[in-house]
Structure formats: C-alpha cells, structure tokens
Amino acid sequence: MTITSLKTTKSYVRDREAVIALTQKLVRIESVYRENDPKGNEEEVAHVVAAYLRDIGIETHVEEVVPGRPNVIGIIDSGKPGKTLLFEGHTDVVTEGNRDAWAYDPFGAEIVEGRMYGRGTNDTKGNLACMITACQSLLLDQEEFTGKIILCIPCDEEGLMLGIKHFIKNGWADGVDGAIICEPQENNVCIAQRGAIRLQVDIFGKMAHGAISWSGINPNWRMARLIVELEKLEKEEQARLGRDPMLNWPSITPTILRAPVKGDAQINVIPDHCMTTLDIRTVPAQDHDELLGKIDAIIKRLQADDPDFNVELTILDNRPATATAKEEAVVQAIYEAVAEVTEKEPKYNGVPGATDGTFLHVHGIPIVTVGAGDREIPHQINEYVDIEELAETTAIYRLAALKFLAGDAQ
C-alpha cells in the first residue's frame, strides 16, 4: 500500500483527526512541575488520560508516585499467549519560560499552516497522543494480535525520572519483550542514546573582605581550577573515543555556577561557598565508574597542591548510555513500519539525551526510540509539531504493534 492510498483509507483519516484532537486536549492542560505550586504537576493531565483510556475500553491503573504526580498504566490483553510490547510516553513538560516571547499561547495548541504550537506538542504529548490513538485504532478495527500491549504513561521524565523508576519497581516492566519510547525523533529509528551523570560540586572557603583577600579562602579560585581540568578531561575523552556515529561527542558541561550559594552576593566580599553542577553526557563506549574515577583523581591532585581545597562531590543522577542491536524484533518492527508508512528508507540514529527508556534498558528490555517532531525543537520557545507527522507516527505505531505481536518482525 502506498502512502497516498494509505492516507485515503478510512482508518488513517479517522486516526489523523483523533490524534490532532487528543494532542490539543493534552497540550492545553499545563503539566509543568513547579515545586511551590500545588497545581504545578501532572495530576490533572494524568487523570484526563486515564479517563480517555477507560472510555475507549482499555484496562487502566493510576498509581501516585509522589503526591500530585501519578503514573497511568494501560493494558490491552489479547487473551492469547504471545509477546508483550510496551509503549512509553510521559505526561510532564518543561517550563514555557517567558510567555511573552512566544508567538502563540504556549498552552493553546494553535494550528497554524500545518503545525501545532505549544509546550509539549513535540516533547512529548504529541507522541503520547499517537501511541494512545494507535491502540484505539487497533481496538476500533478489531485487529487480531497475540500477547499484550502495555501503555506506560509516567510522570517526571524531565526531572529525575521518578515515574519510570516507580513503574519498574512495581513490576509493570517484568516480562516485557520490547519497548517503543515515544519521543520526538523525526521518525528516525533510534537504537542508541547518550548516558547522563549529573554531579553537584560544592567548594567551601572562608568569607572575607575583598580588599583583605589573604584573610579569607576564596572558593572561586578553586572552582575555576577544577572547571579548567574538567574541560581538559572532556577533550581527552573525545580524543580517546572519537565521534560516535549516532551520538556525536561525549561531553562534560558545567551548567549552574553560584557563589555565594546562600545569601546575597556583593562585589567586595569573598564568598564562603561556591557551587556548580555538571551535566555529563556519555556514549556506550564509556564506563561511568571509570569516568567518575578520573574526576576523583583530578580532585585529589588539586587537593594535594592546595591544603585549602575543600570540595564535596554529590552524584545527583547516573544513567548509562544504551545501545540496541538492529536485529532485535522491536527494532525490526519499527523499521519495517516506518518504511511502509513513509515509503522512504528509514534512518537509524541515536537520541542525543537520555529518556525513560534508559531504565527499561537497564531492566533488560530492548528499546527503540521513535516519534514525531523535529529533534532540535524540544524545550525551545515556539515548540511545534507538524500535523502530518503526527498522523504518520500514529500509523507507524499501529503497524509496528501488529508486526511485533504477530511475530512478523524477525
């Protein structure tokens, strides 16, 4: 079937309208996590999703991970023995930032010239709507398949990924044979993703007058020396490993830099405390323990040269890089579905960041990441998704599920 004829079928036209409407419905519910706002969480959108799943006949479970932040789990059981396929798409979105900078309401889901604009259209409420609509389509058309489909719809993907950790801890991932991670990847077949280590570095000194610097201990000088050494380590790792064909370069990036950490800064006051955070992104060839050992060695070397170098290192998060073989059934199912729906040769690629799929991979589940949306658009002002790509992605998910659960993908 060509893409032209596919787009004229009753189910494709029906699913296109359904996925557009559902995406708009989800985007118009703010689900930014705002720590001090009792409504700044995923609770409302999670309950809307749960109600939608129940309305279309899917067994639905809602589990609160932390107050106001629930996971939603949907189960479609064919009643026949077979494999289990998991679709994963999160409900949280990042902050919209400065609303005045947006050309359109960041939570309006306006459609302009074939694009829907708004926070989450791309990352990843659009793809969440695609996976739900694909499953709804299977039910409406009474498609035959074996095994079962699990819809994993967690909270907190944009933070510490509490939702997927809770999902796995509660046993929902046990027995899953393959997982499709629904994230904006221009419908590339992504079989690798970079790992992430998040570190907080605190360096302590002694507060003093800037004009009498010898009476204090300036933590900023120590932090500066450490950051320079970390930049050297980044270059050494890049030279040692080369450029990964799917993930580009490993990186060590200082992000937040703050001194003093508490209280007001003043130009003539040496702070007693300096803090930075490091966003470290790794490739599959890197060993995280080995890399952390290299950072520890740098700190010990700096301390040996400076008795006042008082540093504390805290690991905030540690997620390994992932790689899935092209031969895995879930990869082949997606590859074949992308080829048939788009009538183009699918492109293998890698995810530049980490996803909830990281923890499914660690749990032993083969994962593949694919979805609608420009890969460069997540977290930007004027985030958008192309309407036709939403329709194509829905069709891809639908066909991939049938292939995987029918055993057609070898």
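Residues numbered from 1 in each chain as written. Predicted model: local features only at pLDDT ≥ 70, side-chain atom pairs only at ≥ 80, totals over all residues. Heavy atoms only, no water.

**Q** Could you clarify how one ought to interpret the overall build of the protein in this entry?
**A** For the protein, the helix and strand inventory stands at ten helices and 18 strands. Oriented by its inertia axes, the alpha-carbon framework of the protein measures out at about 80 × 45 × 40 Å. Working note: accessible area of the protein is about 18,000 Å², and carbon and sulfur atoms make up 50% of it. Taken together, the 41 basic and 65 acidic charged side chains of the protein have centroids lying 2 Å from each other. (Helix = DSSP H or I, 4+ residues; strand = E, 2+ residues; numbered from the N terminus. Areas by Shrake-Rupley, 256 points an atom, 1.4 Å probe, with all protein chains shown as cover. Lys, Arg positive; Asp, Glu negative; His and termini not counted. Charge placed at Lys NZ, Arg CZ, Asp CG, Glu CD.)

**Q** Help me understand helix α2 (residues 10–27) in this model?
**A** Given 3.6 residues to a turn, an α-helix orients residues that are three or four positions apart in the same direction. Between the first and last C-alpha of α2 there are 26 Å, a value that for 18 residues agrees with the 26 Å anticipated at 1.5 Å per step. By the burial criterion, the buried members of α2 are Tyr12, Asp15, Val19, Ile20, Leu22, Thr23, Gln24, Leu26 and Val27. (Expected span 1.5 Å × (residues − 1). Buried < 20%, exposed > 50% of the residue type's maximum accessible area, 1.4 Å probe, protein only.)

**Q** Mind showing me how you'd approach the packing of α2 against helix α10 (residues 387–406) here?
**A** Two quantities define a packed helix pair, namely the angle between the helix axes and the distance between the axes. Taken N-terminus to C-terminus, the directions of α2 and α10 make an angle of 115°; their axes are 9 Å apart at the nearest point. Considered as vectors, α2 and α10 are oriented roughly perpendicular to each other. Between α2 and α10 lies a crossing of right-handed hand. Counted together, Tyr12, Asp15, Arg16, Val19, Ile20 and Thr23 of α2 and Ile387, Glu388, Leu390, Ala391, Glu392, Thr394, Ala395 and Arg398 of α10 form the full contact between these two elements. Each residue belonging to the contact of α2 with α10 can be placed in one class, and the counts come to seven nonpolar, two polar and five charged. (Axes fitted to C-alpha atoms, helices over the stretch in contact; angles between N-to-C directions. Parallel < 35°, antiparallel > 145°, perpendicular 65-115°, else oblique. Left-handed = near helix turned anticlockwise from the far one by under 90°. Contact = heavy atoms within 4.5 Å. Nonpolar A, V, L, I, M, F, W, Y, C, P; charged D, E, K, R; others polar.)

**Q** So what exactly am I meant to see when it comes to the sheet that holds strand β14 (residues 310–319) here?
**A** Strand pairing in a sheet is mediated by backbone hydrogen bonds. Such pairs are either parallel or antiparallel. With respect to topology, four strands assemble into an open sheet ordered β11-β13-β9-β14, the strand pairing being antiparallel. Two strands bound the open sheet, and with one partner strand each, they are β11 (251–258) and β14. Adjacent strand axes in the sheet meet at a mean angle of 20° when their direction is disregarded. As defined by bridge partners, strand β9 (residues 195–204) adjoins β14 across nine bridges and the pair is classed as antiparallel. Pairing of leucine 199 across the sheet is with isoleucine 315, part of β14. Together, β9, β13 (273–282) and β14 form the strand contacts of helix α7 (residues 288–305), whose direction differs from that of β14 by roughly 170°. (Pairing = 2+ DSSP bridges.)

**Q** What exactly am I supposed to notice about the layout of surface pockets here?
**A** Using a probe with the size of a water molecule, rolled over the atoms, empty space left in the structure can be pinpointed. By volume, the largest pocket is sized at about 650 Å³. Lining the largest pocket are 26 residues, and of these Arg281, Pro352, Gly353, Ala354 and His379 lie nearest its centre. Taken together, the elements giving at least two residues each to the lining of the largest pocket come down to β11 and β13. Among the residues making up the lining of the largest pocket, the classes are represented as seven nonpolar, eight polar and eleven charged. Three or more residues apiece are contributed to the lining of the largest pocket by two domains, here domain 1 (1–191 + 320–403) and domain 2 (194–317). (1 Å grid on protein atoms, 1.4 Å probe; cavity = no way out; pocket = protein on both sides within 12 Å on 5 of 7 lines; lining within 4 Å. Points joined across faces, edges and corners; volume = space filled by probe spheres on them. Domains from an automatic or database assignment.)

**Q** Sorry, what's going on with the domain arrangement of the protein here?
**A** One frequent convention defines the size of an interface as the accessible area lost when the parts assemble. Taken domain by domain, the protein consists of domain 1 (1–191 + 320–403) and domain 2 (194–317). Each of domain 1 and domain 2 has a C-alpha centre, and the two are 36 Å apart. Linking domain 1 with domain 2 are one salt bridge. Across the pair lysine 165 and aspartate 317 runs a salt bridge, and its minimum N-O distance is 3.9 Å. Inspection of the domain 1/domain 2 interface yields two residue pairs in polar contact (both at pLDDT 80 or more). Breaking the side of domain 1 that touches domain 2 down by element, the ones donating at least two residues are β15 (322–323) and β16 (348–351). Take the side of domain 1 that touches domain 2: its biggest share by element is four residues, from β16. Residue classes in the side of domain 1 that touches domain 2 are distributed as nine nonpolar, four polar and one charged. (Salt bridge = Lys/Arg side-chain N within 4 Å of Asp/Glu carboxyl O. Polar contact = N/O pair within 3.5 Å; in protein donor to acceptor, adjacent residues only side chain to side chain.)

**Q** For this particular structure, what's the right way to read the pattern of salt bridges?
**A** Side-chain pairs of opposite charge can arise whenever the charged atoms involved come near each other. This model, assessed by the stated rule, comprises 30 salt bridges. Linking arginine 16 and glutamate 388 is a salt bridge whose minimum nitrogen-to-oxygen distance equals 2.6 Å. Of the two residues, arginine 16 is situated in helix α2 and glutamate 388 in helix α10; the sequence distance between them amounts to 372 residues. Glutamate 388 gets classed as partly exposed once you look at its relative accessible area, which sits at 33%. Taking the shortest distance from any N to any O, the salt bridge between glutamate 336 and lysine 403 comes out at 3.4 Å. Remark: lysine 403 occurs in helix α10 and glutamate 336 occurs in helix α8 (residues 329–342); sequence separation between them is 67 residues. Via salt bridges that share partners, Arg14, Asp15, Asp141, Glu143 and Arg398 belong to a single interconnected network.

**Q** Whenever I open this one, empty space enclosed by the protein confuses me. Can you help?
**A** If you walk through the whole model with that rule in mind, you get one cavity of 30 Å³ or more. If you trace the largest cavity, you find it lined by Glu234, Glu237, Gln238, Pro250, Ser251, Ile252, Ile280, Arg281 and Gln286. For the lining of the largest cavity, the secondary-structure elements that each account for two or more residues are α6 (219–241), β11 and β13. Of the residues forming the lining of the largest cavity, the biggest block, three residues, is contributed by α6. Of the residues that constitute the lining of the largest cavity, the class distribution is three nonpolar, three polar and three charged.

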